[in-house]
Amino acid sequence: MLQITPLGGLGQIGMNMMVIETAQDALIIDCGVMFPESKNLGVDLIIPDFSYLQKIKHKVRALLLTHGHEDHIGAVPFLLNHLQTKIYGSRFTLALLKHKLTEHGKSKTKLHVVQPHELIQAGCFKIEFLQVTHSIVDGMGIAIQTPMGTMIHTADFKLDDHPYHGRSITLQKFKEYGKKGVLLLMSDSTNVEREGKALSETKIAHEIEKICKTAKKKIIFSVFATNIRRIEQMFEIALRLNRKVVLSGRSLETNVPIAIQEGFISKKAASVLMDLDDLDALEPKKTMIICTGSQAEERSALARIAIREHRLIQVEKEDCVILSSRFIPGNEKAISDLLNNLCRQGADVYYDKVADVHVSGHAHASELRRMIGAVKPKYFLPVHGEYRHLVRHSKLAQGMKIKKENVFVCENGEPLIFHDVNRVQKGQKMNLERVFVENEGLDDLKLDVIRNRKKLSFSGIVFVCLVRDKKTKKLLSPPYIWTMGVFDEVQHAAFLKKAHHYIFQVADQYAGPSTDFSEEVRLQTRRFFKRKTGKKPIVKPIVIDI
Ligand SMILES: [Zn+2]
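All values reported here derive from a predicted model rather than from experimental measurement. (Residues numbered from 1 in each chain as written. Predicted model: local features only at pLDDT ≥ 70, side-chain atom pairs only at ≥ 80, totals over all residues. Heavy atoms only, no water.)

**Regarding the pairing of strand β18 (residues 320-323)**
And then number 1: The alternating pattern of β18 places C320 and I322 and V321 and L323 on opposite faces, both of which are buried.
And then number 2: Where β18 and strand β19 (residues 348-351) come together, four bridges link them in parallel fashion. By the bridge assignment, V321 is partnered in β19 with V349.
And then number 3: For the crossover from β18 across helix α11 (residues 332-344) to β19, the handedness is right-handed. (Buried < 20%, exposed > 50% of the residue type's maximum accessible area, 1.4 Å probe, protein only. Helix = DSSP H or I, 4+ residues; strand = E, 2+ residues; numbered from the N terminus. Pairing = 2+ DSSP bridges. Right-handed = clockwise from strand over helix to strand, strands pointing away.)

Below, the structure written as structure tokens:
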């Protein structure tokens, strides 16, 4: 028996995690986080539910990391609170992870750097990491030889025939496995809705350089801090245009030195780098600022620049601002406000919709077809995508002559069970909870807490304090009512007076040894407030017997 269990990333974008197991051994592929749609409820991160892994932790032989994006490595420090295993990944992936683990007080964790095409044995599995192109350097797909056959996980990938600096990664290795026979292909579905193929990084680099050449004053370039290849492009453009580069944004200030140290940005290109505090000494036309905040994240460098709250950087008329990333769904309104603010200040603003300043790191439909054509798997499981992406990718695979009954659409917690090479079926879906993290991981928040926070923000809270005689259980004084977030207490003083009177009557009516006294007060108070406000606030009775 062999079982594939997705614990994240199937039916959603982000929080990628997959388990492959036999009766004796198990492997984990990736361990990522997801960012909440809204920070309003105080949630910093969402991480996978590790309860299934806790049950099988005795047989987990390795954690394989495909690349250094947060949705693939971000939850590793949390996983290590539950189990210890060997961690494998490429040089850059593990350099980023090491920094993250140090921040979490886990700097002593041993990490195993793998080279492309190096073979690793983990339990009964033989593993090979395969280089892929993605929007972060050093990304890897994974080929796993299992007792039942070879399984290939593409990880996040795209095919770029004209990558920047000509560092093309071909499908050759995937084809070699395809020739030998592949049992299962798990492939990235993120961009399956986009037909054709993505623009090449070389084309993007040329377009960005063209824009930079026309810039009269400062260039402010906003990008994801993990997009090292594009940051390197900007360093080289700055070198050619005789500009100096300063960085603004915590993640950039962390990742760029790691990339330079690991040789992913050349020392020559990095020679343009200056300290942000020296910005004043630079003429605007000799300046390039690379910053975070292309998604208008609150408190990010670009968000602060746009509202003139950045300590050192101000936008001026004729500055050139480039947002080199796509607008992630859910962030459009914030990005739109940010663009408006930058335009108001007279900047020339370039972004995805108006100029070729960004290309996605995920394969479009025709590239996905090429991957399936190279690997020629017997079975196909689309991964990394919302449900509609998975369904569309499954149809694309059927169009590539994979038998309909051999293509599966699974969501998180839905295992795929290989009884033998000819008998594969979906298992019973596990109940997985989303685990919410706040305070940098000091606390795990349960779903109930989030529900209560939502409720509090929607309808507020009412405290009712009742003091009773401990023997007779009769009220000794009128109830004290205190509301928060329900309405303005001064404006609604008359209603509150009525509420006092009503609760006093209720309390009197239910006074006695009944244990339901508190619950009855809660229900009656909630009903009374609903009649006034149309909403049911949270009611907390506090009963003191003296
Ligand atoms: Zn990625």
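**A short note on the coordination of the zinc ion**
And then number 1: Around the zinc ion, the protein supplies H67 (NE2), H69 (ND1), H134 (NE2) and D156 (OD) as donor atoms, at distances of 2.2 to 2.3 Å.
And then number 2: Here the zinc ion is ringed by four donor atoms whose angles at the metal span 91 to 166 degrees, and the overall shape comes out irregular.
And then number 3: Along the chain, the residues donating to the zinc ion fall in the pattern H-x1-H-x64-H-x21-D. With H69 in the loop between β6 (60-64) and α2 (70-73) and H134 in the loop between β10 (125-132) and β11 (139-146), this residue pair connects regions lying 65 residues apart in the sequence. (Donors = N, O, S within 2.8 Å, 3.2 Å for Na, K, Ca; no water. Tetrahedral: all angles 85-135°; square planar, octahedral: opposite > 155°, others 65-115°.)

**Observations regarding a positive patch on the surface**
And then number 1: Taken together, the side chains of K455, R527, K530, R531 and K536 make up a positively charged region of the molecular surface.
And then number 2: The element that contributes the greatest number of residues to the positive patch is helix α16 (residues 517-533), accounting for three residues.
And then number 3: For K530, the position within the fold is in helix α16.
And then number 4: Since its relative accessible area comes to 39%, K530 is described here as partly exposed. (Patch = residues over 30% accessible without salt bridge, like charges linked within 9 Å, V, L, I, M, F, W, Y side chains within 5 Å. Areas by Shrake-Rupley, 256 points an atom, 1.4 Å probe, with all protein chains shown as cover. Salt bridge = Lys/Arg side-chain N within 4 Å of Asp/Glu carboxyl O. Lys, Arg positive; Asp, Glu negative; His and termini not counted. Charge placed at Lys NZ, Arg CZ, Asp CG, Glu CD.)

**Details of the packing of aromatic side chains**
And then number 1: If you walk through the whole model with that rule in mind, you get ten aromatic pairs.
And then number 2: Centre to centre, the rings of Y502 and F528 are 4.6 Å apart; their planes meet at 15 degrees, and the pair counts as stacked. A residue pair is termed long-range when its members are at least 10 positions apart, and Y502 in helix α15 (residues 493-510) and F528 in helix α16 qualify at 26 residues. Like Y502, the residue F528 is buried in the burial classification.
And then number 3: Here the aromatic cluster, defined as three or more aromatic residues joined through ring pairs, consists of F487, F495, Y502, F528 and F529.
And then number 4: When the ring centre of Y502 is taken as origin, the NZ or CZ atom of R531, which lies over that ring, is 5.9 Å away.
And then number 5: Lying across the ring of F458, K535 places its NZ or CZ 4.4 Å from the centre. (Phe/Tyr/Trp six-rings, centres within 6.5 Å; stacked < 30°, edge-to-face > 60°. Lys NZ or Arg CZ within 6 Å of the ring centre and 35° of its normal.)

**As for the nonpolar core**
And then number 1: Membership of the largest hydrophobic core comes to 69 residues, with the highest contact counts inside it found for L53, V76, F235, I265 and I290.
And then number 2: Taken together, domain 1 (2-196 + 360-445) and domain 2 (201-351) each give at least three residues to this core, which thus spans both.
And then number 3: Setting aside chain neighbours within four positions, we find I265 in contact with I228, I231, E232, F235, V256, A259, I260 and A270.
And then number 4: Within the second largest apolar cluster, 34 residues are counted, among which are I127, M140, V383 and C410. (Core = buried A, V, L, I, M, F, W, Y, C linked by side-chain atoms within 4.5 Å. Domains from an automatic or database assignment. Contact = heavy atoms within 4.5 Å.)

**Things to note about the environment of L252**
And then number 1: You can see L252 is positioned in helix α8 (residues 250-261).
And then number 2: Sequence separation between L252 and Q398 is 146 residues, and the spatial gap between their C-alpha atoms is 42 Å.
And then number 3: If sequence neighbours within four positions are ignored, L252 has contacts with A225, I231, L247, P257, I290, C291 and T292.

**Here's the deal with the sheet that holds strand β15 (residues 244-248)**
In any sheet, the strands associate via hydrogen bonds between backbone groups, in a parallel or an antiparallel arrangement.
And then number 1: Spatially, the six strands line up as an open sheet ordered β16-β15-β17-β14-β18-β19, and their pairing is parallel. Two strands close off the open sheet at either side, each with one partner strand: β16 (273-274) and β19.
And then number 2: In the sheet, β15 pairs with strand β17 (residues 287-291) via five bridges, with the strands oriented parallel. Residue pairing for β17: S248 is matched across the bridge by C291.
And then number 3: Set on the sheet, helix α7 (residues 228-240) makes contact with β14 (219-222), β15, β16 and β17; between it and β17 the angle comes to about 175 degrees. (Axes fitted to C-alpha atoms, helices over the stretch in contact; angles between N-to-C directions.)

**Brief notes about helix α12 (residues 365-375)**
And then number 1: All buried positions along α12 are accounted for by A365, E367, L368, M371, I372, A374 and V375.
And then number 2: Buried residues in α12 make contact with β12 (149-153), α5 (172-180), β13 (182-188), β20 (377-383) and α13 (387-398).
And then number 3: Among the residues trailing α12, K376 stands out with phi positive, at a value near 45 degrees.

**So, the pattern of salt bridges**
And then number 1: For the structure on display, the rule yields 25 salt bridges.
And then number 2: In this structure, E70 and K100 form a salt bridge, with 2.7 Å as the shortest nitrogen-oxygen distance. Taken together, the positions of E70 in helix α2 and K100 in helix α4 (residues 91-103) put the pair 30 residues apart, joining distant regions of the chain.
And then number 3: The exposure class of E70 is partly exposed, given its relative accessible area of 30%.
And then number 4: Notably, a salt bridge pairs E193 with R388, separated by 2.6 Å at the nearest N-O pair. Of this pair, E193 sits in the loop between β13 and α6 (201-214) while R388 sits in helix α13, and the two are 195 residues apart along the sequence.

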